[in-house]
Amino acid sequence: MSSKDWIEKDFYAVLGVDKAASADDIKKAYRKVARESHPDHNPGDPKAEERFKAASEAYNVLSDSGRRREYDEMRSLFGSGAFRRNARGGGQSGGMPFDVSDMFGGGGAGDRRFGGAGFQDLFSSIFSGGQAGGQAAPRGPARGRDVETEVALDFGDAVRGVTLPLTLRAPGVCDTCHGNGAKPGTQPRTCPVCHGAGVTTRNQGSFSFSEPCRNCQGVGTVVEEKCPECHGSGGVTKTRTMNVRFPAGVADGQRIRLAGRGEPGERGGPAGDLFVHVKVRPDELFGRTGDDLTLTVPVTFAEAVLGTDLRVPTLDSAVTLRVPPGTPSGRVLRARGKGVVRRDGQAGDLLVTLDVVVPARLSDEARTALESFAEQTPPAAREHLDARVRRVS
C-alpha cells in the first residue's frame, strides 16, 4: 500500500465506522464486513472479493494505533488545504506549484516499499530548508506485517485447552539467500545513488522533498546477481507448520495473539504478530455461559413429584444430583466446580436445567392411576384467573 493510497482512500468509510470509533468498534465492523464478503461465502463474486480486500487493507491500518495516528495526520494535512491542486492538476503550497506525484515516487516499486510506515520519512524534510542534493537519514528496520488466520476447535478441547499444529501459507524469508536477495556467494552492494539511505532528497523552490530512491526501490542496496529462488526479492511464500497452545477456557470468537509469528520484518526488523481467531464447534449435550457449562436433563412427572437422584455427565466424569420432591419444570440444579477452569485455577459450575416430560400416550392402567391421583390432588391455585374470567364474561 502506497502513501498516496492513504490520502485517496477513506478506511473509516470502508468499514462503515466514524473517525472517532474505538478499537473495539473497528474490530467488530471489520469482522462483520469480512464475514459478509469473504470469498468462501461469495464464490465467483469479484465485487465481494474486492470489498474483502479493501476491508482487510483498512483494518491493517486502523487496528494499529501508530499507523492509525499517522493515517489521520496525513489525511488531516491534505484535507485541510495545506496542499491544494492547481489548474494543471498539480499541487500548490505557498503559491509555488509542485506535482503531488513527486512526493510519492510516481507510484512505482519504491512507493510500495515506502508504504504507510514511510509517513515520517516522507515528510521529514518538508519545511526543513534542506540544502540542494542533501541526503535523508538511512531508513531503519521495518516491522513485518501481522497475519490473521482462523481455527475451529471442538467444544471439549476449548474447555480443557489443547495444543494443535497450525499450517499457514504466508510470506517468509528466503532460505537460499537469507533475505538479502543475492545469489549465494555474492552480496548486495550499496546503492550508488542514495548511498544506502533508501531515499533521496531534492529541492523544489524553498522546500525540499524526500522520495524513495528509484535506483534501488527504497532498499538502499542493489542486487547484481539475483537469488534463483526468490529472484532478488528476499522473500518467498512458505508453508509453515507450528504448534499453537490454546489455553483452557478459550471462548468462541476469541482472538489469540502470538507475538513474532507473523511476516518477517524488512532490513532486519522484527517480525509481525500472528492473530488466531477461534471458532468453537457446538457440543451435542453441553452449552456454555461464561465459565459455566449448561445441560438440560428430562425427568418424568413422577420423578419431579416424588423426587429422585439423577446421574448426569460432566465433560470428564459423572456426578449425582438430588432432585427434591415437588420440583417444577425449569428448575436449575448446580454442580459446583464442574464447569470451565479459569486462569486462576478456579472453575465455573455445571448448571442442570430440569425438563419435566409429559407423555403423549398412556396405557389404560397408567390413565386409571393418574385419574385416581388427580382425584386425590388439590386443584391448582387459579383463583386470580377465575376472578378475571368472571369479570370479563
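**Concerning helix α3 (residues 23–37)**
Alright, step 1. Between the first and last C-alpha of α3 there are 21 Å, a value that for 15 residues agrees with the 21 Å anticipated at 1.5 Å per step.
Alright, step 2. Within α3, burial applies to Ile26, Ala29, Tyr30, Val33, Ala34 and Ser37. Buried residues along α3 cover an arc of 130 degrees about the axis, so they all sit on one side. Within α3, the exposed residues directed more than 90 degrees away from the buried face are Lys28 and Arg35.

**What about the state of the cysteines?**
Alright, step 1. Evaluation of the coordinates by the stated rule reveals zero disulfides.
Alright, step 2. Cysteine Cys213 shares no disulfide, and the gap to the nearest cysteine sulfur, in Cys216, comes to 3.7 Å.
Alright, step 3. Exposure remark for Cys213: the relative accessible area of 1% places this residue in the buried category.

**Some thoughts on unusual backbone geometry**
Where the residue is not glycine, phi is negative for most of them; where a peptide bond is considered, it is trans in most cases.
Alright, step 1. Within the chain, His195 stands out as a residue other than glycine whose phi angle is a positive 60 degrees.
Alright, step 2. Turning to its location among the elements, His195 is positioned in the loop between β6 (189–190) and β7 (199–204).

**A closer look at the environment of Val193**
Alright, step 1. Structurally, Val193 is set in the loop between β6 and β7.
Alright, step 2. As for Val193 and Gly220, which are separated by 27 residues in sequence, their C-alpha atoms are 8.9 Å apart.

**Here's the deal with the pattern of salt bridges**
Alright, step 1. In total, this model carries 14 salt bridges according to the counting rule given.
Alright, step 2. Taking the shortest distance from any N to any O, the salt bridge between Arg255 and Glu148 comes out at 3.2 Å. Here Arg255 is found in strand β11 (residues 255–258), whereas its partner Glu148 is found in strand β4 (residues 147–153), with 107 residues between them in sequence.
Alright, step 3. The partner of Asp349 in a salt bridge is Arg336, with the nearest N and O atoms 3.7 Å apart. Remark: Arg336 occurs in the loop between β17 (332–335) and β18 (350–357) and Asp349 occurs in the loop between β17 and β18; sequence separation between them is 13 residues.
Alright, step 4. Residue Arg336 is classed as exposed on the basis of its relative accessible area, which comes to 65%.
Alright, step 5. Connected through shared salt-bridge partners, Arg143, Asp146, Arg257 and Asp273 make up one network.

**Remarks on the sheet that holds β11**
Sheets are built from strands paired through backbone hydrogen bonds, the pairs being either parallel or antiparallel.
Alright, step 1. Taken in spatial order, the three strands of this open sheet run β4-β12-β11, and their pairing is mixed. With partners counted over all chains shown, the strands left at the sheet margins are β4 and β11, one partner each. In this sheet, neighbouring strand axes are inclined to one another by 25 degrees on average, regardless of whether the strands run parallel or antiparallel.

**Some points on the sheet that holds strand β14 (residues 292–300)**
Alright, step 1. In space, the four strands of this open sheet follow the order β13-β14-β18-β17, with mixed pairing throughout. Single-partner strands in this sheet number two, and they are β13 (287–289) and β17. Looking at each pair of strands side by side, their axes are set apart by 35 degrees on average, direction ignored.
Alright, step 2. As paired strands, β14 and β18 are joined by eight bridges and run parallel to one another. Its bridge partner being in β18, Val299 is matched across the sheet by Val356.

Rules and cut-offs
- Residues numbered from 1 in each chain as written.
- Predicted model: local features only at pLDDT ≥ 70, side-chain atom pairs only at ≥ 80, totals over all residues.
- Heavy atoms only, no water.
- Helix = DSSP H or I, 4+ residues; strand = E, 2+ residues; numbered from the N terminus.
- Expected span 1.5 Å × (residues − 1).
- Buried < 20%, exposed > 50% of the residue type's maximum accessible area, 1.4 Å probe, protein only.
- Arc of directions from axis to C-beta.
- Disulfide = S-S within 2.5 Å.
- Salt bridge = Lys/Arg side-chain N within 4 Å of Asp/Glu carboxyl O.
- Pairing = 2+ DSSP bridges.
- Axes fitted to C-alpha atoms, helices over the stretch in contact; angles between N-to-C directions.

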